[in-house]
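Listed here are the chains, written in short residue letters.
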Amino acid sequence: MDPLWAMLTEWWWIGPAAVGVGTLGVIGLRRSRDGWHARRLGYDAARHALRAAQSHLTSSRIAVRMARAELARAQAERTASRATSADVSTARQRLQIAQRDTKAAAATVRVWRTRVSAERAVLPHGGDPDTFPLARLMAVHDAITARWMEYETDPAKLIAFPTMSDGRVPAVAAYLSAYRDAQQLRPASPRERITPAQFAEYREAVARQEAAFAVAEQEAWRQARATGAIPPDPAPASWTVVAQTIMTRSAEALARATEAATSASGRRDGAPTTDAGTPPAPARARSARSAGPTDAAPAGAPATGSPSAAPPRSTAAGTDSGSPGTANTTPTTTPGDAARPTPRHPSTTPPPAVWPVPSRTDRRPRPEP
């Protein structure tokens, strides 16, 4: 047998196997590309809108230059008496309109640049198709439609809000038009491959439908309140009541902060404080004992100028001196004077240290003998 035919007889299966492997590789590559395209759909659509906004900005700037040239020409012709002041005013108005359009276009470019950054930040990294931009957008579309269908299928809402089913109402007619446009641009399934331009157009249609539904719903609720089908909204509080409430709460917060600061200061000084921030009676007594003569009078000593401070009494005649007419100037001791304690002067030596430091009690150590 010819060696070529023998080799083909032995290795004939390599051809079909290679074709199958190649086909699987192509299919897998295409699916991966489709998945990558679906994940980047929102980002690509934002970039497409940014390029369109930049193109519009360039056109607006060119229009401004042309309007300035037209204004200069009109002013020159008016100087040559070939144009009137009305022509100059018209050219100036066109220039102002072109400048306003340029500012709006520049703001739109800034918005889309921010949108591109946001879309780049939320790029899905997983392979779940439900997290892809098209699937999320279709879920939003379905949620809006479900909210509208509640007014069509719920008997209670159908009775309370009959205008939501009346296409003659302008707000409802606008919503139905926006709903029709969004339905026409809606893809068949979230896995359908669409271009970024188509995705951007569908997203804008869904946004218009959502805005129109909000307007129609607000109008339906307004009419329902007007007819008494639903209770009216509670009246908002007056600004004077709100201001008074804010001032009252601010005063309460300031009082609590002051009490807390006073309590913390008393604890830092080593004396416990009461609820009002005033040290208790034992702490006040210790403070009075540790004060000097100029700060507080000693316990038991009469205050100067008080009614209880009387001069010492002397006897009119003395029996010890032997002379009957001589006055004795030695003061006599009365029981009240004997009971009055001798005033103590503060000690100049510092008190002994308290252990442990800092002391957690008011007890002072007994001095060493």
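Parameters at a glance
- Residues numbered from 1 in each chain as written.
- Predicted model: local features only at pLDDT ≥ 70, side-chain atom pairs only at ≥ 80, totals over all residues.
- Heavy atoms only, no water.
- Salt bridge = Lys/Arg side-chain N within 4 Å of Asp/Glu carboxyl O.
- Helix = DSSP H or I, 4+ residues; strand = E, 2+ residues; numbered from the N terminus.
- Buried < 20%, exposed > 50% of the residue type's maximum accessible area, 1.4 Å probe, protein only.
- Patch = residues over 30% accessible without salt bridge, like charges linked within 9 Å, V, L, I, M, F, W, Y side chains within 5 Å.
- Areas by Shrake-Rupley, 256 points an atom, 1.4 Å probe, with all protein chains shown as cover.
- Lys, Arg positive; Asp, Glu negative; His and termini not counted.
- Charge placed at Lys NZ, Arg CZ, Asp CG, Glu CD.
- Phe/Tyr/Trp six-rings, centres within 6.5 Å; stacked < 30°, edge-to-face > 60°.
- Lys NZ or Arg CZ within 6 Å of the ring centre and 35° of its normal.
- Axes fitted to C-alpha atoms, helices over the stretch in contact; angles between N-to-C directions.
- Parallel < 35°, antiparallel > 145°, perpendicular 65-115°, else oblique.
- Left-handed = near helix turned anticlockwise from the far one by under 90°.
- Contact = heavy atoms within 4.5 Å.
- Nonpolar A, V, L, I, M, F, W, Y, C, P; charged D, E, K, R; others polar.

Quick word on the pattern of salt bridges
The tally for this structure, following the rule as stated, stands at ten salt bridges. Ionic pairing is found between Arg73 and Glu70, a salt bridge with its closest N-O pair at 2.8 Å. Placement of the pair is Arg73 and Glu70 together in helix α3 (residues 41-79), with a separation of three residues, close to one helical turn. In this structure, the salt-bridge partner of Glu219 is Arg222, at a minimum N-O distance of 2.6 Å. Here Glu219 and its partner Arg222 are both found in helix α8 (residues 196-227), three residues apart, which amounts to about one turn of the helix. Classification of Glu219 by relative accessible area gives partly exposed; the value is 23%.

Topic: a positive patch on the surface
The grouping of Arg61, Arg65, Arg68, Arg110 and Arg113 at the surface amounts to a positive patch. Secondary structure elements with two or more residues in the positive patch: α3 and α4 (85-121). Top contributing element to the positive patch by residue count: α3, with three residues. Mapped onto the elements, Arg110 comes out in helix α4. With a relative accessible area of 51%, Arg110 lands in the exposed category.

Some thoughts on the packing of aromatic side chains
Taken as a whole and assessed by the stated rule, the structure comprises seven aromatic pairs. Members of the aromatic cluster, connected to one another through ring pairs, are Trp148, Tyr151, Phe161, Tyr175, Tyr179, Phe213 and Trp221. Positioned over the ring face of Tyr151 is Lys157, at 5.0 Å from the centre of the ring.

Focus: the packing of helix α7 (residues 170-185) against α8
α8 packs onto α7 with a crossing angle of 160° between their chain directions and a minimal axis gap of 8 Å. Taken together, the axes of α7 and α8 are roughly antiparallel relative to one another. Crossing hand, α7 versus α8: left-handed. Listed contacts from α8 to Ala171, Val172, Ala174, Tyr175, Ala178, Tyr179, Ala182 and Leu185 of α7 are Glu201, Tyr202, Ala205, Val206, Arg208, Gln209, Ala212, Phe213, Val215, Ala216 and Glu219. In terms of residue class, the contact of α7 with α8 is built from 15 nonpolar, one polar and three charged.

A closer look at the side chain of Thr145
Mapped onto the elements of the fold, Thr145 is located in helix α5 (residues 133-153). Each residue touching Thr145, except ones within four places of it in the same chain, is listed here: Tyr175, Tyr179 and Gln209.

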